[in-house]
Amino acid sequence: MTGEKKSVLILGGGLAGLTAAKRLVDRGFEVKVLEKRDLFGGKVSSWKDEEGDWVESGTHCFFGAYDVLYDLLREIGSYHAVLWKDHRLTYTMAGGGRFTFNTWNLPSPLHLLPAIINNGYFSLGEMAAFSRSLIPLALQRDAYAPTQDHLTFAEWAYEKKFGKNLMDKMFRPMSLALKFIPPEEISAKIILDVTETFYRIPDASRMGFLKGAPSEYIHKPLVGHSRGKGAEFRTGAAVEELLFDGSEIKGVLLRNGEILTADYYLAALPIHNLNRVIPPALKQHDRFFHGLDNLEGVPVISVQLWYDRQITPVDNVLFSPDGVIPVYANLACTTPEYATLRGKPFNGGSRLEFCVAPAAPLMQMTKEEIVRQVDLSVRNCYPASSAGASVLKSTVVKIPHSVYAPLPGMEQYRPTQETPLRNLFIAGGFSRQLYYDSMGGAVMSANLAAAGIMKAAGVGEG
């Protein structure tokens, strides 16, 4: 960049905001990031509790499909911290039953043959019916899923007649794990998009975990890199409103009354916060902004339980169609640096972390009642290994608004990263990109938003 540096004010210090800051500071922009909390990471945040154990805002699994995320981790020297697990998906059921979807190291779609013929639970007839329902995906690939956004996945599956058993045991936990809402609510487009990706890319469904906290291996390196190039980061800086003069953004009003200005503004906020800071005049100015009111965040609950014995030795992600634990993992196995209890090494027990979903019915419950329900689900799935086990510690994290709710018909309201205003851009998993509201989606949206700012400023992406 020649001449005076162009300035960018980034609202939000989550993964999207931090990624955009790196992209822009690397291209010579003057960057300032505002974060209302005292820690970075947003929906991927992590922190130590008062006893010295890490707590996360959710169960953060790394899908093999997230190439843009891994490119970013390589740039900041953190890719080594992703520990890839065996390429299999294991489902645990009440009463102790199990079934597993394995893959072969073969080209698509042959890599999925073990999942179809040797899953140990579904009959060949059920899997054949399911395979027939996916013929449009095989023929039209990614062009098919968008045509099904008017249906819930449950409605789509009913039309395709692939059976209640497949819906309840395989797709219900999948839907809850992906977007925290059940098949009766989620758009068919979402599940079909993910299924098409798994079908087409052999390693897309492979799962990994960080060996430690996201704050240590993602956020700190990102902040450190950008600070080293002159970026400024402010915590405790809550945005009250974008200031709109009728044609463009003229500044940002903070909750403390301060007004900040820049050449460009990048809102990297979750959808409920973005809607809060957009002034009514801007929503009236353009349907692009008015349409954002149709998007809303999903409540999420994350629970950790430390048991005094080994409940499961599985070093991988686990799913369950029964109870309130659709996706979970034994962090004492998957995440070596989390094998602690009250800050000291924890051996011989289990440290399980659960996504509890759907969370809406549980949000008003006490921590004790939520823990009781999660513990009951664990004991139902592991009647033998949990017999006589005691819970040594528990944590509960409630997030009233997390990822956006991908209900039928919502795709039309997802915004592009470039807005109708020349100096306002948007990043976040709810915005339009390949990976929806996820870590991969946050990074891809940031890449696209940063590219839009560079284009607007006449700067090559490099």
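Rules used in this analysis
Residues numbered from 1 in each chain as written. Predicted model: local features only at pLDDT ≥ 70, side-chain atom pairs only at ≥ 80, totals over all residues. Heavy atoms only, no water. UniProt positions renumbered as here; feature names shortened; annotations may be inferred. Helix = DSSP H or I, 4+ residues; strand = E, 2+ residues; numbered from the N terminus. Rg over C-alpha atoms; globule rule 2.2 N^0.38 Å. Buried < 20%, exposed > 50% of the residue type's maximum accessible area, 1.4 Å probe, protein only. Contact = heavy atoms within 4.5 Å. Areas by Shrake-Rupley, 256 points an atom, 1.4 Å probe, with all protein chains shown as cover. Expected span 1.5 Å × (residues − 1). Polar contact = N/O pair within 3.5 Å; in protein donor to acceptor, adjacent residues only side chain to side chain. Core = buried A, V, L, I, M, F, W, Y, C linked by side-chain atoms within 4.5 Å. Domains from an automatic or database assignment. Buried area = accessible area lost by both parts, 1.4 Å probe. Salt bridge = Lys/Arg side-chain N within 4 Å of Asp/Glu carboxyl O. Nonpolar A, V, L, I, M, F, W, Y, C, P; charged D, E, K, R; others polar. Pairing = 2+ DSSP bridges. Axes fitted to C-alpha atoms, helices over the stretch in contact; angles between N-to-C directions.

- You'll find the protein entered in an unreviewed UniProt entry as Zeta-carotene desaturase, with Pelodictyon luteolum given as the organism.
- Taken directly from UniProt, the Cofactor (unreviewed entry) text for the protein runs: "FAD".

## Things to note about the overall build of the protein
- Helix and strand counts for the protein stand at 15 helices and 22 strands.
- Relative to the compact-globule value of 23 Å for 462 residues, the protein shows a C-alpha radius of gyration of 22 Å, a close match.
- Residue burial in the protein is summarised as follows: out of 462 residues, 58% are buried.
- For the protein, restricting intrachain contacts to residue pairs at least 6 apart in sequence, the fraction spanning at least 24 positions comes to 70%.
- Accessible surface computed for the protein: about 18,600 Å², of which carbon and sulfur atoms make up 52%.

## Regarding helix α8 (residues 188-200)
- Compared with the 18 Å implied by 1.5 Å per residue over 13 residues, the 18 Å span of α8 between its first and last C-alpha is a close match.
- Counting buried positions along α8 gives 11 out of 13 residues, so the element sits mostly inside the fold.
- Among the residues of α8, A188, K189, I190, I191, L192, D193, V194, T195, E196, T197 and F198 are the ones counted as buried.
- Tucked inside the fold, the buried residues of α8 contact β5 (62-63), α5 (135-140), α6 (153-160) and α7 (164-179).
- By the N-cap criterion, in which a side-chain oxygen at the helix start approaches the backbone nitrogen of a residue two or three places on, α8 is capped by S187, the distance to K189 being 3.1 Å.

## Details of the nonpolar core
- Counting 136 residues, the largest nonpolar core has I10, L15, F153, W156 and L274 as its most contacted members.
- Setting aside chain neighbours within four positions, we find L274 in contact with A267, L269, L292, I426 and F430.
- Membership of the second largest hydrophobic core comes to 22 residues, among which are V324, I325, F354 and V371.

## Focus: the environment of T312
- When you line up the elements, T312 lands in the loop between β15 (300-307) and β16 (318-319).
- Residues T312 and G349, spaced 37 residues apart in sequence, show a C-alpha to C-alpha distance of 9.2 Å.
- In this view, T312 contacts L318, N330, C333, S350, L352 and Y382; residues no more than four positions away in its chain are not counted.
- A polar atom in the side chain of T312 sits 3.2 Å from the backbone nitrogen of V314.

## Section: the domain arrangement of the protein
- Its domain assignment divides the protein into domain 1 (7-38 + 235-295 + 408-457), domain 2 (43-103 + 205-211 + 297-404) and domain 3 (106-200).
- Approximately 600 Å² of surface area, both sides summed, lies buried where domain 1 meets domain 3, with 56% of it carried by carbon and sulfur atoms.
- By the criterion of area lost to domain 3, the three top residues of domain 1 are P408, E411 and Y436, representing 84% of everything that side buries.
- For the pair domain 1 and domain 3, the number of links is 1 salt bridge.
- Across the pair E411 and K189 runs a salt bridge whose closest N-O atoms are separated by 4.0 Å.
- At the boundary of domain 1 and domain 3, one finds 5 residue pairs in polar contact (both at pLDDT 80 or more).
- Across the side of domain 1 that touches domain 3, the residue classes break down as 3 nonpolar, 1 polar and 2 charged.

## Here we look at the environment of G77
- Turning to its location among the elements, G77 is positioned in the loop between α2 (67-75) and β6 (82-84).
- Sequence separation between G77 and S390 is 313 residues; the distance between their C-alpha atoms is 40 Å.

## Quick notes on the sheet that holds strand β1 (residues 7-11)
- With parallel pairing, the 5 strands of this open sheet are ordered in space as β10-β2-β1-β14-β22. Across the chains shown, the open sheet's two edge strands, defined by having one partner strand only, are β10 (232-234) and β22 (424-426). Here the average twist between neighbouring strands, direction ignored, is 20°.
- The pairing of strand β2 (residues 30-34) with β10 spans 3 bridges and is classified as parallel. Paired with L34 across the bridge in β10 is R234.

## Quick notes on the sheet that holds β5
- Reading across from one edge, β5-β9-β6 is the order of the 3 strands in this open sheet, with antiparallel pairing throughout. In this open sheet, the two strands that pair with only one neighbour each are β5 and β6.
- With 2 bridges connecting them, β5 and strand β9 (residues 207-210) associate as antiparallel partners. Within β9, the residue paired with F62 across the bridge is G208.

## Here we look at the side chain of T334
- With respect to the helices and strands, the residue T334 is situated in helix α13 (residues 331-334).
- A polar contact is formed between the side chain of T334 and the side chain of T335, at a distance of 3.1 Å.
- Not counting chain neighbours up to four residues away, the residues in contact with T334 comprise L83, K85, F209, L210, D315, N316 and A329.

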